[in-house]
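# Overview (structure and organization)
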Amino acid sequence: MAATRPSVEGMRAWRLDGTLTFGDVPDPEPPDGAVVVRLHAAPVLSYLREYVAGKLGHYHPPTGPFTPGTSGVGVVERVGRGVFTLTPGQPVLVTGNYTAAENVPEPARGLIGLTSEFAAVRDTWRDGTLAEKVVAPAPTVTPVPAGLGDVVAVTRCLVPYGGLLRGRLAPGETVVVNGATGAFGSAGVQVATALGARRVVAAGRNPAVLARLAARERVVPVRLTGSVPADADALRAAAGGPVDLALDLVGGATTPDSTLAALAALRRAGRLVLMGSTSAPLPLDYTALMLAGTEVIGNFMYPDDAPARLLNLVSAALLDLAALPVASFPLADLPAAMDAAAEPGAPLVVVTM
Ligand SMILES: NC(=O)c1ccc[n+]([C@@H]2O[C@H](COP(=O)([O-])OP(=O)(O)OC[C@H]3O[C@@H](n4cnc5c(N)ncnc54)[C@H](OP(=O)(O)O)[C@@H]3O)[C@@H](O)[C@H]2O)c1
């Protein structure tokens, strides 16, 4: 990884093409249907270091050099043809969660700056947010209401919010978040309380992070042991009874035990939403699921209106972003930011421009 000095023309951006380099690139033009956003901050994924090292084989990055980075906050600078509401100077949230606006059963989609199973998507919308500016298709850009201040931590909440929406969390229900000590899992604990969960059971293995989560209202930590029956009992006890909804956000799990414990903790007709990753198969008991009427739901990302809905929760003081600690690094210090983000129990790491 090498850093080069910025010039006055163009903008500075990280580029990935086998190796990661920092330097000057031309100022982007907004194509039809897109805007150019001048970024203030962009989050760094916990697994970005492994991604840029090419160690995550199930991701599909663009071919050739591109700027990684999935989301960010900033201000609209320029607007392309066919964009009718966003205007220059408007504060916005950019998510990179792109789904083509085509009336077909399975429109092409992708996470801009990270991956897409559609080659045409990753080559059309190649560049992400680890740069001073990003070209963002309009559907991935959400206006930030005036007076909200810094909302970069919303980017961490969107993924678990998508899972809780998909799992139809209703106020007054109980929730288990598995992988609660992780980046998205800990935000999931916060979002579940914001949505009115009666009790949120934070299931994990890292005692320091569990202790931090336990300080939050309506959150009960459970330290997992690896024994499915014992952990399921502990989760039920912590929830005060059988659990309504489990949100699974384990990352890179090598055993299915904690997911199976969350499943076993559910009440009849309970819901398990799978959003994380595991290298182990998930063995399911057909008869048990049938008799209990359990729903097992896979979920990728969140609906297009989720960013605006989450920002409404922040506006209404229902979601307290201050509860999600943020550590900032200058954009040029991305390698150090990636190391910090990979630490167990890391705060939300962002680079600032
Ligand atoms: N579905 C989607 O739309 C979507 C979107 C974004 C990300 N993701 C996925 O979400 C996952 C989490 O991402 P992240 O950034 O939050 O990762 P992270 O910060 O590394 O957190 C992973 C968590 O999983 C826990 N874990 C790992 N193996 C476990 C096991 N065998 N039993 C119990 N807990 C285990 C870790 O606990 P310890 O601290 O105890 O190790 C940690 O709390 C990743 O797999 C990512 O690919 C999915």
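Parameters at a glance
- Residues numbered from 1 in each chain as written.
- Predicted model: local features only at pLDDT ≥ 70, side-chain atom pairs only at ≥ 80, totals over all residues.
- Heavy atoms only, no water.
- UniProt positions renumbered as here; feature names shortened; annotations may be inferred.
- Salt bridge = Lys/Arg side-chain N within 4 Å of Asp/Glu carboxyl O.
- Helix = DSSP H or I, 4+ residues; strand = E, 2+ residues; numbered from the N terminus.
- Buried < 20%, exposed > 50% of the residue type's maximum accessible area, 1.4 Å probe, protein only.
- Patch = residues over 30% accessible without salt bridge, like charges linked within 9 Å, V, L, I, M, F, W, Y side chains within 5 Å.
- Areas by Shrake-Rupley, 256 points an atom, 1.4 Å probe, with all protein chains shown as cover.
- Pairing = 2+ DSSP bridges.
- Right-handed = clockwise from strand over helix to strand, strands pointing away.
- Axes fitted to C-alpha atoms, helices over the stretch in contact; angles between N-to-C directions.
- Parallel < 35°, antiparallel > 145°, perpendicular 65-115°, else oblique.
- Contact = heavy atoms within 4.5 Å.
- Nonpolar A, V, L, I, M, F, W, Y, C, P; charged D, E, K, R; others polar.
- Left-handed = near helix turned anticlockwise from the far one by under 90°.
- Domains from an automatic or database assignment.
- Buried area = accessible area lost by both parts, 1.4 Å probe.
- Polar contact = N/O pair within 3.5 Å; in protein donor to acceptor, adjacent residues only side chain to side chain.

Going by the annotation in an unreviewed UniProt entry, the name recorded for the chain is Zinc-binding dehydrogenase, with Cryptosporangium japonicum given as the source organism. Quoted verbatim from the Cofactor (unreviewed entry) heading of the UniProt record, the comment on the chain is "Zn(2+)". What UniProt states about the chain under its Sequence similarities (unreviewed entry) heading is, verbatim, "Belongs to the zinc-containing alcohol dehydrogenase family."

## Some thoughts on the pattern of salt bridges
Taken as a whole and judged by the stated rule, the model has 16 salt bridges. Here R49 ties to D339 by a salt bridge, and the two come within 2.9 Å at their closest N and O atoms. Highlighted residues: R49 in helix 1 (residues 48-52) and D339 in helix 10 (residues 334-342), separated in sequence by 290 residues. A relative accessible area of 38% places D339 in the partly exposed class. Between E173 and R271 there is a salt bridge whose closest N-O contact spans 2.8 Å. Of the two residues, E173 sits in the loop between helix 3 (154-166) and strand 11 (174-178) while R271 sits in strand 15 (residues 266-274), which places them 98 residues apart along the sequence. Owing to a relative accessible area of 12%, E173 belongs among the buried residues under this scheme. What you see here is one network of salt bridges that share partners, running through D27, R38, E77 and K133.

## Quick look at a nonpolar patch on the surface
A surface patch of nonpolar side chains, about 420 Å² in accessible area, is lined by Y286, M290 and L291. Residue position: M290 is located in helix 8 (residues 286-292).

## Some details on the pairing of strand 14 (residues 243-248)
The buried fraction of strand 14 is high, at six of six residues. Pairing geometry for strand 11 and strand 14, over four bridges, is parallel. Its bridge partner being in strand 14, V176 is matched across the sheet by A246. Relative to strand 15, strand 14 runs parallel, the two sharing five bridges. The partner of L245 across the bridge, within strand 15, is R271. With respect to chirality, the unit in which strand 14 leads through helix 7 (residues 257-264) into the neighbouring parallel strand 15 is right-handed.

## Structural notes on the packing of helix 3 against helix 9 (residues 306-315)
Close contact between helix 3 and helix 9 brings their axes to 10 Å; oriented N to C, the two are set at 110 degrees. Judged by the angle between their axes, helix 3 and helix 9 are roughly perpendicular. On the side of helix 3, the interface is formed by V154, C157, L158, Y161 and L165, while helix 9 contributes A306, P307, R309, L310, L311, L313 and V314. Residue composition of the contact of helix 3 with helix 9, grouped by class: eleven nonpolar, no polar and one charged.

## Observations regarding the packing of helix 6 (residues 228-239) against helix 7
Between helix 6 and helix 7, whose axes approach to 8 Å, the crossing angle comes to 50 degrees. Comparing the axis directions of helix 6 and helix 7 gives the class oblique. The two elements helix 6 and helix 7 meet at a crossing, and its hand is right-handed. Every residue of helix 7 that contacts helix 6 at V228, D231, A232, L235 and R236 is listed here: D257, L260, A261, A262 and A264.

## Brief notes about the domain arrangement of the chain
Assigned domains within the chain: domain 1 (2-153 + 324-352) and domain 2 (157-298). Distance from the C-alpha centre of domain 1 to the C-alpha centre of domain 2: 30 Å. Counting residues at the interface gives eight residues for domain 1, matched by eleven residues for domain 2. For the pair domain 1 and domain 2, the summed buried area comes to about 600 Å², and 66% of that belongs to carbon and sulfur atoms. When residues of domain 1 are sorted by the area they lose upon contact with domain 2, A153, L324 and G345 head the list and together hold 57% of the total. Summed over the shared surface of domain 1 and domain 2, the result is zero salt bridges. Along the contact surface separating domain 1 from domain 2 lie one residue pair in polar contact (both at pLDDT 80 or more).

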